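Working through the structure, step by step
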Amino acid sequence: MTRKRLAALLLTALLALSLTIPASADGIWELDNGFYQRHQEECVPHGKYYLTNSPQGYCNIRSAPNGRVICQEKNGAEVLIYQTYKNWGVLEFWPDSGPIMWGWVSMKDLAPLYDYRAFAQEYADQILPADPAVTEPLLAAYLQSGRTALVIWPYPNAREASYCYEEAPRGLQTLQMRGFGRTFTDEEGHLWAQGNQHIGGRFDNCWFLLDDLGAGDGVYLPPEGVESTVGERIVSVREVPEVTMYPAKEPTPPIENYLPAILSAAAVLLSAAALRFFYGKKRNKGGAA
């Protein structure tokens, strides 16, 4: 094979290589829909929330299990896993610019988030429609007591309350007007009620202890100089699995994200070397002649 033909073949191969290198203007890769279509029957609906919690301080979101990194999230970000495939979960995320995208994350890099949604899933068969014949007398009795403290909980028996209002007469009147949507009786027999529907949505994460609407969590501290009207905690803390959170760190872009640029640069350098090799030899032969 002549040097000219060898150089031509080399240049053709390098050109083909450069054309097969995937390009991305902003470094964001699309979800590998082909993988999902091939494995759709193996994916399991999940629908649970987690916190990103990788030992390296951030999670890599990929185009497919073990695929390219398309986004990175620091530890502590709340994510919803829609479906799982083996030990991978698919989620949606919002890049710095552009539309909502989908990606895969290793379930090992996630910490279960126990919140009002997890509570609702765990006790779905024990959460019942509210019976006004039961809830209204309890609320009326509290109003008649003259107390106006109101404590809102994210879910029954949570470790900490969401809000502790020292004076909330209007809030109590609103509850009396709108009523409650669902109720739950905890293991100790305390009755809880969830706020009823309101304009714009639901009080999904607003639970009230009907046995004492003004009983606190033992954590709340009133403003300085204010005598607290919030009562003592009368319910036990719901025991949920303790999670060790790794410190969040700024993501380090993976080398694979730079691979297209590296291969492109290598192709250019190899092309230049091939041309120099071929034409250099040609000039040397011409000079020798």
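Residues numbered from 1 in each chain as written. Predicted model: local features only at pLDDT ≥ 70, side-chain atom pairs only at ≥ 80, totals over all residues. Heavy atoms only, no water.

1. Brief notes about the overall build of the protein
- Helix and strand counts for the protein stand at 6 helices and 13 strands.
- Here the protein, with 289 residues, has 37% of them falling under the buried criterion.
- Working note: accessible area of the protein is about 17,500 Å², and carbon and sulfur atoms make up 56% of it. (Helix = DSSP H or I, 4+ residues; strand = E, 2+ residues; numbered from the N terminus. Buried < 20%, exposed > 50% of the residue type's maximum accessible area, 1.4 Å probe, protein only. Areas by Shrake-Rupley, 256 points an atom, 1.4 Å probe, with all protein chains shown as cover.)

2. A word on the sheet that holds strand S12 (residues 191–195)
- Pairing within the open sheet is antiparallel, and its 4 strands lie in the order S8-S11-S12-S13. Only two strands of the sheet have a single partner each, and these edge strands are strand S8 (128–129) and strand S13 (207–209).
- In terms of strand pairing, S8 meets strand S11 (residues 180–185) through 2 bridges, oriented antiparallel. The partner of Pro129 across the bridge, within S11, is Arg182. (Pairing = 2+ DSSP bridges.)

3. Topic: the packing of aromatic side chains
- Under the criterion given, the structure shown has 13 aromatic pairs.
- An angle of 85 degrees between the planes, with centres 5.6 Å apart, marks the rings of Phe35 and Trp104 as edge-to-face. Residue Phe35 is found in helix H2 (residues 33–39), and its partner Trp104 is found in strand S6 (residues 101–106); the two are separated by 69 residues along the sequence.
- With relative accessibility at 10%, the residue Phe35 sits in the buried group.
- Here the aromatic residues Tyr114, Phe119, Tyr123, Tyr155, Phe184 and Trp207 are joined through ring pairs into a cluster of three or more. (Phe/Tyr/Trp six-rings, centres within 6.5 Å; stacked < 30°, edge-to-face > 60°.)

4. Here we look at the pattern of salt bridges
- Following the criterion strictly, the structure yields 6 salt bridges and no others.
- Overlapping salt bridges, with partners in common, bring together Glu78, Asp115 and Arg117 in one network. (Salt bridge = Lys/Arg side-chain N within 4 Å of Asp/Glu carboxyl O.)

5. Observations regarding the confidence of the model for the protein
- When pLDDT is averaged across the protein, the result is 81; 73% of the residues are at 70 or more.
- Between residues 6–30, whose pLDDT stays under 50, and residues either more than four places distant or in other chains, the model counts 29 contacts. (pLDDT = per-residue confidence, 0-100. Contact = heavy atoms within 4.5 Å.)

6. Description of the pairing of strand S5 (residues 88–93)
- Most of S5 sits out of view: 5 of its 6 residues are buried.
- As paired elements, strand S4 (residues 78–85) and S5 share 3 bridges and run antiparallel to each other. Considered in S5, the bridge of Thr84 is made with Gly89.
- Connecting S4 to the antiparallel partner S5 that follows it, the hairpin turn spans 2 residues, and Lys86 within it adopts a positive phi of roughly 55 degrees.
- Looking at chain direction, S5 and S6 are connected through 6 bridges and run antiparallel. Within S6, the position partnered with Val90 by the bridge is Trp104.

7. A closer look at the environment of Glu232
- As for its position among the elements, Glu232 is in the loop between S13 and helix H6 (259–288).
- You can call Glu232 exposed: its relative accessible area is 65%.
- Put simply, Glu232 and Asp212 are 20 residues apart on the chain and 9.9 Å apart in space, counted from C-alpha to C-alpha.
- Residue contacts for Glu232: discarding those within four places in its chain leaves Ala215 and Gly216.

8. Regarding helix H4 (residues 132–144)
- End to end, H4 covers 17 Å across 13 residues, agreeing with the expected 18 Å (1.5 Å per residue, within 8%).
- Looking at H4, one finds that the buried residues are Thr135, Leu139 and Tyr142. Mapping the buried residues of H4 onto a view down its axis gives an arc of 60 degrees, with all of them on the same face. Exposed residues pointing more than 90 degrees away from the buried face of H4 are listed as Ala133, Glu136 and Gln144.
- Of the surrounding secondary structure, the elements contacted by the buried residues of H4 are helix H5 (169–178) and S11.
- Downstream of H4 by a residue or two, Gly146 has a phi angle that is positive, lying close to 90 degrees. (Expected span 1.5 Å × (residues − 1). Arc of directions from axis to C-beta.)

9. So, the packing of H4 against H5
- Packing of H4 against H5 leaves a shortest axis separation of 10 Å and a crossing angle of 155 degrees. What the angle tells us is that H4 and H5 run roughly antiparallel. Of the two possible hands of crossing, H4 and H5 adopt the one that is left-handed. In contact with Leu139, Ala140, Tyr142 and Leu143 of H4, H5 contributes Leu172, Leu175 and Gln176. (Axes fitted to C-alpha atoms, helices over the stretch in contact; angles between N-to-C directions. Parallel < 35°, antiparallel > 145°, perpendicular 65-115°, else oblique. Left-handed = near helix turned anticlockwise from the far one by under 90°.)

10. Concerning the nonpolar core
- Counting 32 residues, the largest nonpolar core has Trp153, Phe180, Trp207, Phe208 and Leu213 as its most contacted members.
- Counting residues per element, the ones that place at least two in this core are H4, strand S9 (150–152), H5, S11, S12 and S13.
- Every residue in contact with Phe180, bar those within four places of it in the chain, is listed here: Ala130, Thr135, Leu139, Leu175, Ala193, Gln194, Gly195, Asn196, Phe208 and Leu210.
- With 13 residues, the next largest nonpolar core counts Ile61, Ile81, Leu91 and Phe93 among its residues. (Core = buried A, V, L, I, M, F, W, Y, C linked by side-chain atoms within 4.5 Å.)

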